[in-house]
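Letter by letter, the chains look like this.
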Amino acid sequence: MTKFSDLLNGYRRFRSELWPTQRDRWDELKEGQSPKVMIIACSDSRVDPTQIFDTNPGETFIVRNVAALVPPFETTPGQHGVSAALEFAVQFLKVDEVVVMGHGSCGGCAAALSEQMKDMPHGKGGFIADWITLLDDARAKVVHDHGDLSQPAAQLAMEHEGIRTSLANLRTFPCIQEKEAEGSIRLIGAWFAIAEGKLHVLDEESDTFSAVD
């Protein structure tokens, strides 16, 4: 099991092996960042966007949370972390693309599907239960279409619906609406299969996910 001491060993390898080979890149990055792609991904430890897409520092602006969810646009008081990150990426970094990347075996989607954390106290599952209410409509659709929620097909459908939900919620933001209308931003849905190591991308016209060659 990886511990912080193992992470420090990794840091030492980074300093001795990677840092010197990318020194010019780091010199550029100390002046600022200008990524063209924002990725909204799951916090799951098995799904690291930088590894899956083989990117270098400064190339992607990444937000990770349970089930790769985007809440709808709202201005109620509170701390809106995903909305703040989206606002920064779109309005200040001026990214060209926003990718919502879900994945197979997603615990957040499974919890939404089973409702196993419903009514749990905060600190023992309640925060998760509150968060995944964002998937309530998606769950209702999966229940309608599949019935037997214990089947792998229902779990896959839930993961796909989670991505569609986040894309729909992105489009409730005025800045996204404006930039999509003028063609200066593109929204992309993707799903990563952990077992096969394959990425599937959503074609919104046909509403289907297809594996990338």
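Anyway, here's the lowdown on the structure attached to this text.

So, how was this worked out
- Residues numbered from 1 in each chain as written.
- Predicted model: local features only at pLDDT ≥ 70, side-chain atom pairs only at ≥ 80, totals over all residues.
- Heavy atoms only, no water.
- Helix = DSSP H or I, 4+ residues; strand = E, 2+ residues; numbered from the N terminus.
- Rg over C-alpha atoms; globule rule 2.2 N^0.38 Å.
- Buried < 20%, exposed > 50% of the residue type's maximum accessible area, 1.4 Å probe, protein only.
- Contact = heavy atoms within 4.5 Å.
- Lys, Arg positive; Asp, Glu negative; His and termini not counted.
- Charge placed at Lys NZ, Arg CZ, Asp CG, Glu CD.
- Axes fitted to C-alpha atoms, helices over the stretch in contact; angles between N-to-C directions.
- Parallel < 35°, antiparallel > 145°, perpendicular 65-115°, else oblique.
- Left-handed = near helix turned anticlockwise from the far one by under 90°.
- Nonpolar A, V, L, I, M, F, W, Y, C, P; charged D, E, K, R; others polar.
- Pairing = 2+ DSSP bridges.

Another point: the overall build of the protein. A count of helices and strands for the protein gives 9 helices and 6 strands. Compactness check: the protein gives a C-alpha radius of gyration of 19 Å against a globular reference of 17 Å for 213 residues, within 12% of the reference. Evaluated residue by residue, the protein yields a buried proportion of 38% over its 213 residues. Taking as baseline every contact in the protein between residues at least 6 positions apart, the subset at least 24 positions apart corresponds to 64%. On the protein, the mean spot of the 20 positive side-chain charges and the mean spot of the 32 negative ones are 7 Å from each other.

For the rest of this paragraph, the subject is the packing of helix 5 (residues 107-114) against helix 8 (residues 152-170). In contact at an axis separation of 9 Å, helix 5 and helix 8 are set at 110° when each is read in the N-to-C sense. Between helix 5 and helix 8, the angle is such that the two are roughly perpendicular. Handedness of the helix 5/helix 8 crossing: right-handed. Across from Cys 109, Ala 110, Ala 112 and Leu 113 in helix 5, the residues of helix 8 making contact are Ala 154, Gln 155, Met 158 and Glu 159. Across the contact of helix 5 with helix 8, the residue classes break down as 6 nonpolar, 1 polar and 1 charged.

Attention shifts here to the pairing of strand 5 (residues 198-203). Inspection of the sheet shows strand 4 (residues 186-193) paired to strand 5 by 4 bridges, in the antiparallel sense. Residue pairing across strands places Trp 191 opposite His 200, the latter belonging to strand 5. Between strand 4 and the antiparallel strand that follows it, strand 5, lie 4 residues; Gly 197 among them carries a positive phi value of about 65°. Linking strand 5 to strand 6 (residues 208-211), which pair antiparallel, is a turn of 4 residues; within it Asp 207 sits at a positive phi near 60°.

The analysis is restricted to geometry; functional conclusions fall outside its scope.
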